[in-house]
Amino acid sequence: MTSRKQVAFSVLDLAPVAEGSTPADALRNSLDLAQQTEQFGYTRYWVAEHHNIISVASAATSIIIGYIAQGTKTIRVGSGGIMLPNHSPLIVSEQFGTLAALYPGRIDLGLGRAPGTDQVTAAELRYDRMRAAQDFPNEVRKIQQYFSPDNAKAEVRSVLSEGAEVPVWILGSSTDSAYLAADLGLPYAFASHFAPQQLIPALKIYRENFKPSAQLESPYVIVGSQVVAAETDAEAEYLASTMRRSFLGIVTGRRELMQPPTHDLGYENWGIIKDRIDLMLACSLIGGRERVKRELEQILAHTNADEIIVSSHIYDQQKRVDSYRIFSEVVQNL
């Protein structure tokens, strides 16, 4: 692997709420994780947007980004992502323009189309959400316009955004998002940490159709992965039981706080659901250093990713930090 290009590595955080803790605890853990991953050499710390999920505290994404940015010094902080159809483009522009004014050169704006919640909740977030989702490309262009210096001449302005250095990213889990990112000449982050099925076709479409833009001259790809790294393969598999149970809850609609790890997940009772979850976790890296390195090399060989962004869904905060530390050591020693 000595000839491989240097790969950046970043954090995707959902501020998970563990059983026996509170959402406030989860947010404090996120800041602690950001401060430590900054020291480990991570490039960026992105916060996801989710709503009406008791195990996730990252609903008010832009507020959490400000909290993380204030408590760190150099790591880039941003959204992975803002689910744009849930929001007015003007409000998003004002929020991220404000963040850029407070933390210049450190804020990213990742935009996605999915609701980040169930359909009933999505309808409560924005009354015209379905229209906005269908008009997602134009909603992204509105964001770009609000960040353009030329918008100073417009009737409707987002003053703090105009000329602010906030890179816009397209996030997605399908080929539709790949076409959009390519057409707009924006960097592209694929959600292979839970939906890897269209990863390779989407990256091919993005790279083959990419149009250079004022923001980006050539394609730039981030690939997502669930990572549970530990000192041994056995310990990692044990810790990963928390993540697998979480995915079981997603598939079955069972809502619960993040659960402690277990040696017995009762796979014999999962039936075909286990196959579905295994497919969702196909890009996951679970193991000790050698296994994680070997499987990471395979992902990089297949995707030629410029950056990998990882989420470690681990119950114990120190074990979670350790996972990010071990992963950073693996990447830096490729």
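What you are looking at is a predicted structure, and each value in this text was computed from that prediction instead of being measured.

Asks: Sorry if this is basic, but what is going on with the overall build of the protein chain here?
Replies: Within the protein chain one finds 12 helices and 9 strands. Against the compact-globule benchmark of 20 Å for 334 residues, the protein chain has a radius of gyration of 19 Å, which places it among compact chains. Across its three principal directions, the C-alpha atoms of the protein chain cover 60 × 50 × 40 Å. The 334 residues of the protein chain split such that 54% are buried. Counted over contacts in the protein chain with a minimum sequence separation of 6, partners at least 24 positions apart contribute 74%. Averaging the positions of the 31 positive and the 38 negative side-chain charges in the protein chain gives two centres separated by 3 Å.

Asks: Please explain helix α1 (residues 23–40) as it appears in this structure.
Replies: The periodicity of an α-helix, 3.6 residues per turn, causes residues three or four places apart in sequence to face the same way. Under the 1.5 Å per step criterion, the end-to-end length of α1 is 25 Å for 18 residues, consistent within 8% with the ideal 26 Å. Residues of α1 that are buried: A26, S30, L31, L33, A34, T37, E38 and F40. As for α1, its buried residues are in contact with β1 (8–13), β2 (44–47), α2 (61–70) and α12 (317–332). Count one or two residues on from α1 and you reach G41, which has phi positive near 100 degrees.

Asks: Teacher, can you tell me more about the pattern of salt bridges here?
Replies: Two side chains carrying opposite charge are able to pair once their charged atoms lie near each other. A complete count under the given rule lists 27 salt bridges for this structure. Put simply, D128 and R126 hold a salt bridge, and the shortest N to O gap is 2.8 Å. Of the two residues, D128 and R126, both sit in the buried class. Across the pair E237 and R291 runs a salt bridge, and its minimum N-O distance is 2.9 Å. Here the residue E237 occupies a position in helix α9 (residues 233–252), and R291 occupies one in helix α11 (residues 289–303), the gap between them amounting to 54 residues.

Asks: In this structure, what is going on with the pairing of strand β7 (residues 221–229)? I would like to understand it.
Replies: Regular strands place side chains that alternate from one sheet face to the opposite one. Counting buried positions over the 9 residues of β7 gives 9, a clear majority of the element. Neither face of β7 is exposed, since V221, V223, S225, V227 and A229 on one face and I222, G224, Q226 and V228 on the opposite face are all buried. Here strand β6 (residues 188–190) pairs with β7 via 3 bridges, running parallel. Note on β7: the bridge partner recorded for F190 is V223. Note: β7 against strand β9 (residues 307–311), 5 bridges, orientation parallel. Following the sheet pairing, I222 is matched in β9 by E307. The pairing of β7 with strand β8 (residues 285–287) spans 3 bridges and is classified as parallel.

Analysis parameters
Residues numbered from 1 in each chain as written. Predicted model: local features only at pLDDT ≥ 70, side-chain atom pairs only at ≥ 80, totals over all residues. Heavy atoms only, no water. Helix = DSSP H or I, 4+ residues; strand = E, 2+ residues; numbered from the N terminus. Rg over C-alpha atoms; globule rule 2.2 N^0.38 Å. Buried < 20%, exposed > 50% of the residue type's maximum accessible area, 1.4 Å probe, protein only. Contact = heavy atoms within 4.5 Å. Lys, Arg positive; Asp, Glu negative; His and termini not counted. Charge placed at Lys NZ, Arg CZ, Asp CG, Glu CD. Expected span 1.5 Å × (residues − 1). Salt bridge = Lys/Arg side-chain N within 4 Å of Asp/Glu carboxyl O. Pairing = 2+ DSSP bridges.

Functional significance is not addressed by these values, which are geometric in nature.
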